[in-house]
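Working through the structure, step by step
Residue-level listing of the chains:
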Protein chains: 2
Amino acid sequence: MSGKIYIVGIGPGAYEKMTVEAVEAIKKSDIIIGYTVYVDLLKNTFPEKTFESTPMKQEIERCRLCFDYALNGKNVSLVCSGDAGVYGMASPMFQLKAENSEYSSVALCVIPGVTAATSGSAVLGAPLNHDFCIISLSDLLTPWEVIEKRLTAAIQGDFAIALYNPSSHKRKDYLKKACSIMLNAGADKNRATGFVENIGRNGTKAVVCTLSELMEKDVNMFTTVFIGNSQSEIIFSESNEPIILTKRGYRV
Amino acid sequence: MSGKIYIVGIGPGAYEKMTVEAVEAIKKSDIIIGYTVYVDLLKNTFPEKTFESTPMKQEIERCRLCFDYALNGKNVSLVCSGDAGVYGMASPMFQLKAENSEYSSVALCVIPGVTAATSGSAVLGAPLNHDFCIISLSDLLTPWEVIEKRLTAAIQGDFAIALYNPSSHKRKDYLKKACSIMLNAGADKNRATGFVENIGRNGTKAVVCTLSELMEKDVNMFTTVFIGNSQSEIIFSESNEPIILTKRGYRV
């Protein structure tokens, strides 16, 4: 009999930010499979479990590995950072299953998790507390013109925005390009913005600044960037740390 | 000495969909405060704790109640469904604190949770697995023209979309109006869409249909609606249940 595959959103990585059912799914799995960085985070939390990791850009091989284990009767957790359905592995898993009849006996169960838009928001105050979009700046699977169109539409619709994958070795200037597109689309240079590095892990770093200041910042691949809407404000908290406040409505 | 206030996203309501730190915050609080419906869900999970609830539309009174308890030395959990910073209480709490110097000794700690966009996605397959927006159809705090502008921008930017608060007693036809705006903005009538009622609770109901079919559906206030992007597809899972598949990129 085939095993079951849990497609598990583990949140930012820390045990306490996992959901109860994510912890349970990992505990009842025979093997836990994921991208090297997240598997390493989980090994410390679940030292008794068996892990297997595949490098970045080998997502489809990672999915096939899960199906192979499940066809051999193993229960598998395929772990994703954040949520399993936000740029996660839920989509390629359902697609592979639909396209490969040999996988049809394997049951898939998606376990949602806390995505970086909300775990990062918690660090910065309330930057996304009204309608918002999530846009990835990675053009690995998406043409840059689509990303540009979405950044422009997001500003035109006056959404608050969370930017995922704002940088990588090959894309050092993408955040700067994105800021420039948002300014051209009508965002004010003093728009409230910020970013969080290593959310919920050692070395969490939070910065609050204006959109024109954001343009000059260096961020890394473990950063989530936040852009307020036109009404968002930077205010100061008890410890004099600035936070981003996006109000719940226009008439509060 | 003042107590601490945890602003806790509890997810959809079921214990297993709470994060470990949300459970811990509730356990270490002297009192748990929230909207009646969510407090009732939690009473079953934490029968030993003390709860206080306030009705809908009394959010500011609810916030003040939390500060009053904290000023009296109590640790408080202010519970929000889903995530605390997605249409949640993080924003009014930080705002009240900034505007009232008597609250300055009270520390606020936001605990993120699983928002309905991702808990509902897990039920429907992978509807939001690329860039997406969340838009609330409630015009209680937001002028309808702003909502209309955002729906149009979301379609123009080809985002997948999660619609929160799609209906209420006074707004029975709002989903129909929203569908009509999206069609006018260029969405195809066969766009993959769906909705989930009572996510993670008894009586979960999931429906997958086209945009023109969605227009004729009756949904209630405990429903989250999902609109795929222009590339999303309806595919069939092992049990012949339809799911919504939004691919991770344009070149997979």
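The rules behind the values
- Residues numbered from 1 in each chain as written.
- Chains lettered and ligands numbered in written order.
- Predicted model: local features only at pLDDT ≥ 70, side-chain atom pairs only at ≥ 80, totals over all residues.
- Heavy atoms only, no water.
- Buried < 20%, exposed > 50% of the residue type's maximum accessible area, 1.4 Å probe, protein only.
- Helix = DSSP H or I, 4+ residues; strand = E, 2+ residues; numbered from the N terminus.
- Arc of directions from axis to C-beta.
- Contact = heavy atoms within 4.5 Å.
- Least-squares fit on C-alpha atoms with pLDDT ≥ 70 in both.
- Salt bridge = Lys/Arg side-chain N within 4 Å of Asp/Glu carboxyl O.
- Lys, Arg positive; Asp, Glu negative; His and termini not counted.
- Pairing = 2+ DSSP bridges.
- Buried area = accessible area lost by both parts, 1.4 Å probe.
- Polar contact = N/O pair within 3.5 Å; in protein donor to acceptor, adjacent residues only side chain to side chain.
- Nonpolar A, V, L, I, M, F, W, Y, C, P; charged D, E, K, R; others polar.
- Right-handed = clockwise from strand over helix to strand, strands pointing away.

The next point concerns helix H2 (residues 36–45) of chain A. All names here are of chain A. Listed as buried for H2 are Tyr 38, Val 39 and Leu 42. Angularly, the buried residues of H2 cover 100° about the axis, an arc narrow enough to put them on a single face. The elements touched by buried residues of H2 are helix H1 (20–27), strand E2 (31–35), strand E3 (51–54) and strand E4 (76–80).

Right, let's get into the relation of the copies chain B and chain A. Relating one copy of the chain to the other requires a rotation about an axis plus a shift along that axis. You can overlay chain B on chain A at an RMSD of 0.0 Å; the transform is a turn of 180° with a shift of 0.0 Å along its axis. Expressed as an axis order, the relation between the two copies is that of a two-fold axis. When the interface residues of chain B are mapped onto chain A, 100% of them again fall at the interface, so both copies present the same face.

All names here are of chain A. Its location among the elements puts Lys 27 in helix H1. Using a relative accessible area of 45% as the deciding quantity, one classes Lys 27 as partly exposed. Residues Lys 27 and Lys 43, spaced 16 residues apart in sequence, show a C-alpha to C-alpha distance of 12 Å. Leaving out residues up to four positions away in the same chain, Lys 27 has contacts with Phe 46 and Lys 49.

Before going further, it helps to spend a moment on the pattern of salt bridges. Counted by the stated rule, this structure contains 14 salt bridges over all chains. Between Asp 158 of chain A and Arg 150 of chain B there is a salt bridge; the shortest N-O distance is 3.9 Å. Taken together, the positions of Asp 158 of chain A in the loop between helix H6 (144–156) and strand E8 (160–164) and Arg 150 of chain B in helix H6 (residues 144–156) put the pair across two chains. When its relative accessible area of 0% is taken as the criterion, Arg 150 of chain B is described as buried. Glu 233 of chain B is paired through a salt bridge with Lys 247 of chain B; the nearest N and O atoms lie 3.4 Å apart. Placement of Glu 233 of chain B in strand E12 (residues 233–236) and of Lys 247 of chain B in the segment after strand E13 (242–245) is noted, with a sequence separation of 14 residues between them. When salt bridges with common partners are traced through the structure, they connect Asp 131 and Asp 158 of chain A together with Arg 150 of chain B into a single cluster.

With that settled, consider the side chain of Lys 49 of chain B. All names here are of chain B. For Lys 49, the position within the fold is in the loop between helix H2 (36–45) and strand E3 (51–54). In this structure, Lys 49 is buried with no salt-bridge partner, the nearest side chain bearing the opposite charge being Glu 48 at 5.7 Å. Setting aside its immediate chain neighbours within four residues, Lys 49 contacts Ile 26, Lys 27, Lys 28, Ser 29 and Ile 32.

Time to look at the sheet that holds strand E6 (residues 125–126) of chain A. Residue and element names in this part refer to chain A. Read from one edge to the other, the open sheet built from three strands follows the order E6-E13-E12, with strand pairing classed as mixed. On the outer flanks of this sheet lie E6 and strand E12 (233–236), each paired with one strand and no other. Examined bridge by bridge, E12 and strand E13 (residues 242–245) share four bridges and lie antiparallel to one another. Note on E13: the bridge partner recorded for Phe 236 is Pro 242.

What follows is about the sheet that holds strand E6 (residues 125–126) of chain B. One open sheet accounts for three strands, arranged E6-E13-E12 (chain B); its pairing is mixed. A single partner strand is all that each edge strand has here, and the edge strands are E6 and E12 of chain B.

Another aspect to go through is the interface of chain B and chain A. At the interface, 70 residues of chain B touch 70 residues of chain A. Together, the buried faces of chain B and chain A total about 6000 Å²; carbon and sulfur atoms form 59% of this surface. Ranking the residues of chain B by area buried against chain A places Leu 141, Arg 150 and Arg 248 of chain B at the top, with a combined share of 13%. At the boundary of chain B with chain A, the tally comes to six salt bridges. For Asp 131 of chain B, the salt bridge identified is with Arg 150 of chain A, shortest N-O distance 2.7 Å. Here chain B and chain A share 34 residue pairs in polar contact (both at pLDDT 80 or more) between them. Where the side of chain B that touches chain A is concerned, the elements lending two or more residues are helix H1 (20–27), helix H4 (90–99), strand E5 (107–111), helix H5 (116–124), E6, strand E7 (132–136), H6 and E13 of chain B. Top element by residues in the side of chain B that touches chain A is H4 of chain B. It accounts for seven residues. By residue class, the composition of the side of chain B that touches chain A is 36 nonpolar, 19 polar and 15 charged. Strand direction decides the pairing type here: strand E7 (residues 132–136) of chain A and E7 of chain B, joined by three bridges, are antiparallel. Looking at E7 of chain B, one finds that Cys 133 of chain A is bridged to Cys 133 of chain B.

The side chains of a regular strand alternate, residue by residue, between the two faces of the sheet. Residues and elements named next belong to chain A. Where burial is concerned, most of E2 is hidden: five out of the five residues are buried. Sheet analysis places E2 next to E4, joined by four bridges and oriented parallel. Opposite Gly 34, over in E4, you have Val 79 as the bridge partner. Taken together, the four bridges between E2 and E3 define a ladder with parallel strand orientation. The partner of Tyr 35 across the bridge, within E3, is Thr 54. The parallel pair E2 and E3 is bridged by H2, and the resulting crossover is right-handed.

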